[in-house]
Every structure is written in C-alpha cells, then in structure tokens.
Amino acid sequence: MGVKRRHPVRTALMLTLLAYVLAAVIPYAFPPGSPEAAPAFSADLLTPAQGERATLLATGEEAMKARLDLIARAERSLVVGSYLFADDESGLDIASALLSAADRGVEVRILVDGLVGGLNLLGGDLGYVLGAHENVELRFYQPVNLLSPWSLNARYHEKYVIMDDRAFVLGGRNISDEFLTPQQTPGANDDLDILVWCESADGCGAVEDLLAYVNTLWEERCVAQYQSVPSWKRRSVEELTQALAQRYETLRPASLVDWASRTAPLDAYGIVVNPTVPSVKEPTAWNALISLMAEAQERVWVLTPYLVLDGRMRDDLSAVAGLPSDMRVITNSRASGNNIVASADMLLHKGMITGMDLTLYETQRETSLHTKALLIDDDLAAFGSFNFDMRSAYIDTEIMFVAQSQAINAQLARMMENLMADSRTASGGADEQPVSWGKEFVIYLLSPFVSLVRFLV
C-alpha cells in the first residue's frame, strides 16, 4: 500500500489564505467602547436654524429631478458623495449633468467607496471620463489595498449632493437605477432623501457644517484617481465623453425648481456621523441616535432595511422600547428584502426584536425597503445612510441629518403610515407576500452560518 504524499506548498498556501481572511475579519468581531463611555447627544444640542428649509423626496423620479436641478443651477461647486456610482442609465444621466457643470467652470468633486464605487466606475470608461476632466476631481475612500487586509471591510456608505453653499440632498439613495427610477422599474427600491435649501444665497449653517465634514473626510481619508487616461482607453473614453454631452441636451431642465415655495422652515438641525478611520469604530452615530430616541415622550418610529443587532445594540434599543412611548420599527419582510444574508440573520434573531416592547412591521411590497429614517415625537426626524445593523454601527462611514420641524416630521409620519398599511405585524395586517421557494431555501440554508459573520452583514 502506497504512502500518502503530502503537499507542503498547497498546505502553506491554504494556511496563508486562512490567515489573510482572518486578518480581514477578526478585528471587526470585537467592537470597542462601552455604553458608559458613550458621549451624550440631545435635542438641546441641535443648532438653531438660520434660514434652513427642507422637504422630503419620496420617489425615485423626485430624487433624480432634484439632483439634476441642483447640478444645473450650481455656479461655483458641486460635491457628490455615493457608496455606489453605477455605470447604468441613472449613472450616465448624473455624469452627463456633472460634466456639463464642469464645462461651464463649476468645481466638481466626486467621492465614492474605494471598493464598490471603484469597481463600478473604473470597470468601464465612466470613471475615466469623469476623472479626466480638468474641473472634476474623483476620489475614493479606502481603495483596496491587499497589503492591509484589516482595512478591506471599512467602507464609505454616505450619499449626498451639495450645491454651492446653498443646498444639498442627503439620504439613502445611491446613484443607480435601483434608486433614481420610477417605483415600477424592475429592481427599484423604496427610499427617501431630505433636500435642505438655504433662504439666503450666501448659504446657511447646515450646508457649511456638511461641507466641513466632507472636506475633512476628503483630505484625510480619500485617494485621488489619476487624471490621465490609459492609451488603450483613449478612443472609447472620448466617444463616451461626446455621447454624454449629447445625452445632457435631452436632460437639461427647462426651468429650475422653486425650492423656496416647496420647502418648510427648520427650527434646528444636527449632523450625526461615525469616525472616518478605516477600521473598527466607536459606535458614535448609534450612540447619538439612541440618545435622541431615549428623550422621546410620545413616539419613536424607525425605518430600516435591516435589523442586525449585537448584544449592546439590542440592550440599547430594548431600553428605548421600554420607555413610555409608542415604538414602531418598519423593516423588510423576507419576501421584500433584497439582502439575503440579512434575511437569514433575521430568521434566527427575530425573537430578539419581537421580545421588545415595540411593534415590528414587515413590509409586503414588491419593492425592497432601503430607507433609513427615524421619527421622534411630533417635531424630530432623521434621515441618511445609517442602517440599524452592526456594520453601520461599528464599521462604515455613515451620516444622518437630524431635522427639528413639525412639518418635516409630519411628512415622514405620512410616508411611514403608508408603509405600515402595506405591512404585517404579529397580529396581522396586509396580505402576506409569498416568498419564492428558491429565495426561502437560500435563506434557511444560510441562517445557521450567518451568526459567524453577522457583524459584517
């Protein structure tokens, strides 16, 4: 009988790969901080408004129109931040508008995630078209560096468009067809943005504060894409540049939106962010949102695509749910959700949520819920990129804009009520949407294993 041969090189390679994967994952399995060390945040710390006005953008069409409007009216500067800038119809539309603004001398800065955003923009010609323009600077947060595996999971998750010192759109929408097209578009998501408009042409504090944060992130954590185009891409890049110029001729707004009449005044505002360091983070944004929720006297309503909570987050949310307030959480059902891993986690941990003193609403719509929003009492609301999950709490860069305004609160409440009408609770509600057998099979198959990496979901 022959002796089984060993393969030391293959074994060494497998061990090296395992060590590499562990180095990329393990640091995030042990989030830092303790509840006692968390800095307090309060509605009393919000900045009094000085001419800030706002409205909500509920549909993909409204969101696209608002972005094109702000880009068209820009005179000095535009800042576009997006986790994903897709090379699809919506991405091409936004790119064509940005290039038109750059052609007329507007300074355009584009910031995307170094992994997901980079793959989308530099996988084809669009990133080179944008980066090569003399008035456009394209930067990536934490580009992939295989020599630092511990930073591979740290991602930029924010979404906004900032026009001059005058206005911004901020919310959960990436630049792609999933978010900026009509609801009936296949694959479209339910999402939400807030548009903030300054009464004064000289700007206002909310825009200044957002720009101050973005400028810090821009200088400290982001890497510029080189502006030269590879020789083998020059022809296709030039062709796309010309095509985008022609494309914008059909998109150019015939008239600009009168945002002053379409917005309501804010009483105060705040901007909540995570640390920008590309590693496991103190849960700064989570602490701030929990602190605001803990001040509620009447109601706390939460909109989040996912609920993936560790023990600390569970205890924080349970403490808020135990207060004398009406607490409701609206999230995806297994049928509507498009994050299979998050659905698999929910299958195992749903009892953690339903055991709290709150009402859980699971949407029964054809579209997947992607909105991240928070409603407190009758005058506070928050909008942005923060999911109620461990990745948003401890890993990604995140931003939430807090608005103190009864009008904005009422707008959000109406949208939430519409979602709740299309949702099911433990006691019933809308007709239960069937889950395809293939999707259900994958969810059940993954559920025993998701707990091992749920902090990365």
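In the block above lies the structure referred to throughout.
Residues numbered from 1 in each chain as written. Predicted model: local features only at pLDDT ≥ 70, side-chain atom pairs only at ≥ 80, totals over all residues. Heavy atoms only, no water.

Would you mind showing me how to read the packing of aromatic side chains here?
A ring pair, where both rings are aromatic, is described by two values, the distance of the centres and the angle of the planes. Under the criterion given, the structure shown has 6 aromatic pairs. Ring centres of F168 and F401 lie 5.5 Å apart, and the angle between their planes is 75°; this geometry places the pair in the edge-to-face category. With F168 in strand β7 (residues 167–171) and F401 in strand β21 (residues 399–404), this residue pair connects regions lying 233 residues apart in the sequence. Taking 6.2 Å as the distance between ring centres and 85° as the angle between the ring planes, the aromatic pair formed by F386 and F388 counts as edge-to-face. The class for F388 is buried, based on a relative accessible area of 3%. Joined through ring pairs, the aromatic side chains of F168, Y269 and F401 make up one cluster. The side chain of R109 reaches across the aromatic face of W218, ending 5.1 Å from its centre. (Phe/Tyr/Trp six-rings, centres within 6.5 Å; stacked < 30°, edge-to-face > 60°. Helix = DSSP H or I, 4+ residues; strand = E, 2+ residues; numbered from the N terminus. Buried < 20%, exposed > 50% of the residue type's maximum accessible area, 1.4 Å probe, protein only. Lys NZ or Arg CZ within 6 Å of the ring centre and 35° of its normal.)

What exactly am I supposed to notice about the state of the cysteines here?
Here a disulfide denotes a covalent bond joining the sulfur atom of one cysteine to the sulfur atom of another. With the rule as written, the count across this model stands at 1 disulfide. Here C198 is linked by a disulfide to C204, with a sulfur-sulfur distance of 1.9 Å. Linking C198 and C204, the disulfide has an S-S dihedral of approximately -55° and is accordingly described as left-handed. Taking the relative accessible area as the measure of exposure, C204 reaches 4% and is therefore buried. (Disulfide = S-S within 2.5 Å.)

In this structure, what is going on with the sheet that holds β21? I would like to understand it.
Picture the strands of a sheet paired through backbone hydrogen bonds; they go either parallel or antiparallel. Across the sheet, which stays open at both edges, the 10 strands sit in the order β1-β12-β21-β19-β18-β13-β15-β16-β22-β23 with mixed pairing between neighbours. Because the sheet does not close on itself, it has two edges, and the strands there are β1 (47–48) and β23 (428–429). Relative to strand β15 (residues 326–332), strand β13 (residues 299–303) is paired through 5 bridges, and the arrangement is parallel. Within the sheet, the bridge partner assigned to W301 lies in β15 and is R328. Docked against the sheet, helix α6 (residues 205–221) engages β12 (268–273) and β21, running at close to 10° with respect to β12. (Pairing = 2+ DSSP bridges. Contact = heavy atoms within 4.5 Å. Axes fitted to C-alpha atoms, helices over the stretch in contact; angles between N-to-C directions.)

Is there a simple way to think about the nonpolar core in this case?
A general trend in soluble globular proteins is that nonpolar side chains are found buried together. Within the largest apolar cluster, 52 residues are counted, with the highest numbers of intra-cluster contacts made by M293 and M327. Ranked by residues supplied to this core, first place goes to helix α9 (residues 284–294) with 7 residues. Contact partners of M293, with chain neighbours within four places excluded, come to V300, V302, L317, V320, M327, L374, I376 and F388. Of all hydrophobic cores here, the second largest spans 47 residues; its members include I71, A97, Y128 and V229. (Core = buried A, V, L, I, M, F, W, Y, C linked by side-chain atoms within 4.5 Å.)

Please clarify how helix α3 (residues 89–103) should be interpreted in this entry.
Since the α-helix advances by 3.6 residues per turn, residues separated by three or four positions end up pointing in the same direction. Helix length check: α3 (15 residues) gives 21 Å between terminal C-alpha atoms against 21 Å at 1.5 Å per residue, within 8%. Sitting at the head of α3, D88 places a side-chain oxygen 3.3 Å from the backbone nitrogen of S90. Following α3 by one or two positions, G105 adopts a phi angle in the positive range, close to 100°. (Expected span 1.5 Å × (residues − 1). Polar contact = N/O pair within 3.5 Å; in protein donor to acceptor, adjacent residues only side chain to side chain.)

Would you explain the sheet that holds strand β3 (residues 77–82) in this entry?
Read across the sheet, 9 strands follow the order β10-β5-β4-β3-β6-β7-β9-β2-β11 without closing on themselves; strand pairing throughout is mixed. Lying at the two open borders of the sheet, with one neighbouring strand each, are β10 (222–224) and β11 (264–265). Relative to the sheet, helix α2 (residues 60–73) contacts β2 (52–57), β3, β6 (159–163), β7 and β9 (193–198), its axis offset from that of β7 by approximately 150°. On the sheet, helix α13 (residues 406–421) packs against β2, β9 and β11 and is oriented at approximately 5° with respect to β2.

Would you mind showing me how to read the pattern of salt bridges here?
Pairing is possible between side chains of opposite charge, provided their charged atoms come close. Scanning all chains against the criterion turns up 21 salt bridges. Through salt bridges that share partners, R67, R173 and D193 make up one connected network. (Salt bridge = Lys/Arg side-chain N within 4 Å of Asp/Glu carboxyl O.)

Please clarify how the packing of α2 against α3 should be interpreted in this entry.
The relative placement of two packed helices comes down to the angle between their axes together with the axis-to-axis distance. Viewed as axis vectors pointing N to C, α2 and α3 meet at an angle of 15°, and their least axial separation amounts to 9 Å. Between α2 and α3, the angle falls in the class roughly parallel. In this structure, the crossing between α2 and α3 has a hand that is right-handed. For the pair α2 and α3, contact is made by M64, R67, L68 and I71 and by S90, D93, I94, A97, L98 and A101, respectively. (Parallel < 35°, antiparallel > 145°, perpendicular 65-115°, else oblique. Left-handed = near helix turned anticlockwise from the far one by under 90°.)

Please explain the environment of R454 as it appears in this structure.
Here R454 shows up in the segment after α14 (437–450). R454 sits in the buried class, given a relative accessible area of 10%. Residues R454 and R391 lie 63 residues apart in sequence; the distance between their C-alpha atoms is 8.7 Å. Setting aside anything within four residues of it in sequence, one finds R454 in contact with V308, L309, D310, D345, H349 and M390. Here L309 takes part through its backbone oxygen, which lies 2.8 Å from a polar atom of the side chain of R454.

Explain the pairing of β2 here, please?
A regular strand carries its side chains on alternate faces of the sheet. Taken across its 6 residues, β2 has 6 buried, putting it largely inside the fold. Taking every second residue as pointing to the same face, both faces of β2 are buried, with E52, A54 and L56 on one and R53, T55 and L57 on the other. Sheet topology note: the β2/β9 ladder contains 6 bridges and is antiparallel. Bridging across to β9, R53 finds its partner in W197. Where β2 and β11 come together, 2 bridges link them in antiparallel fashion. For A54, the partnering residue across the bridge sits in β11 and is A264.

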